[in-house]
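Secondary and tertiary structure notes
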Amino acid sequence: MTGSLEHMIIQAYADEEFNQQVGQFTVWINPATYTHEYGISHSDRQAPGSNGASPEFNKVCQETVAFELVFDATGVVPPPIPGTPIPKKGVTAPIDEFRQLAVTVNSDTHRPNFLRLIWAQLQFDCVLSKLSISYTLFRPDGTPLRARLAGSFTNFSSKVELGQEANMHSPDMTHLVTVLAGDTLPALCFRIYGSSQYYLGVAAFNRLPDFRRLRPGAQLVFPPLSGAAA
């Protein structure tokens, strides 16, 4: 027994909190593949004359999802919603519907809509970053019957979500850090507090006999700046 086909859905929202839905698009043919990319940015710390680089973590880059959609109005592939007639103008109408949701500037918000991609385990809040349309089959009068849409989407987090995430990394919170090989206390203080000047306070707080020799695997407590570290 086979299950029913689950089509990818693209929901459009006018607000960055994803509360005000303004439309929804069901794709005709699910993507054959999609890519979900993650990136990490590092700063090059290579000293002059050294043999190798020592990249220092800078930030986690934005995630992207990319895939290709096929639109087919030849009648070979039925529309995703049962009972929907094949568009008389070929794939022009469904492509315009997609563009209206994802590309066109919303007259109320003065920007394109925020999007939510939903397909099986994929749920991705994002904005469209790039769209390329290739028309591949036509009627004798030039009406496009088939097209491929290659889209790239960049993840989006609201200011509220970013604020909550930033608060989790705030120097005004207590942090528990596991020491890795090569870690130094000044460098860890810089990572947590944005400055290495608090290393003596952290060493005293953790009762370290020698702050210059951190044992890999040891756990150190970095108190809030308003506490002992200050």
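Data block above holds the structure.
Residues numbered from 1 in each chain as written. Predicted model: local features only at pLDDT ≥ 70, side-chain atom pairs only at ≥ 80, totals over all residues. Heavy atoms only, no water.

1. A closer look at the pattern of salt bridges
Throughout the structure, instances matching the rule amount to 7 salt bridges. The partner of aspartate 96 in a salt bridge is arginine 99, with the nearest N and O atoms 3.7 Å apart. In this pair, aspartate 96 and arginine 99 both sit in helix H1 (residues 92-102), 3 residues apart, roughly one turn of the helix. Look at aspartate 96 and you get partly exposed, because its relative accessible area is 39%. Look at arginine 99 and you get partly exposed, because its relative accessible area is 34%. (Salt bridge = Lys/Arg side-chain N within 4 Å of Asp/Glu carboxyl O. Helix = DSSP H or I, 4+ residues; strand = E, 2+ residues; numbered from the N terminus. Buried < 20%, exposed > 50% of the residue type's maximum accessible area, 1.4 Å probe, protein only.)

2. So, helix H3 (residues 185-193)
Buried within H3 are the following residues: Leu185, Leu188, Cys189, Ile192 and Tyr193. Within H3, the buried residues cover an arc of 105 degrees as seen down the axis, which keeps them to one side. Following H3 by one or two positions, glycine 194 has its phi on the positive side, about 85 degrees. (Arc of directions from axis to C-beta.)

3. A short note on unusual backbone geometry
The phi dihedral of alanine 120 falls on the positive side, at around 55 degrees, and the residue is not glycine. Of the residues examined, alanine 120 reaches a relative accessible area of 47% and is grouped as partly exposed. The backbone of arginine 207 sits at a positive phi, close to 55 degrees, despite the residue not being glycine. Relative to the helices and strands, arginine 207 resides in the loop between helix H4 (199-205) and strand E13 (219-222). On the basis of relative accessible area, arginine 207 is assigned to the exposed category, the value being 75%.

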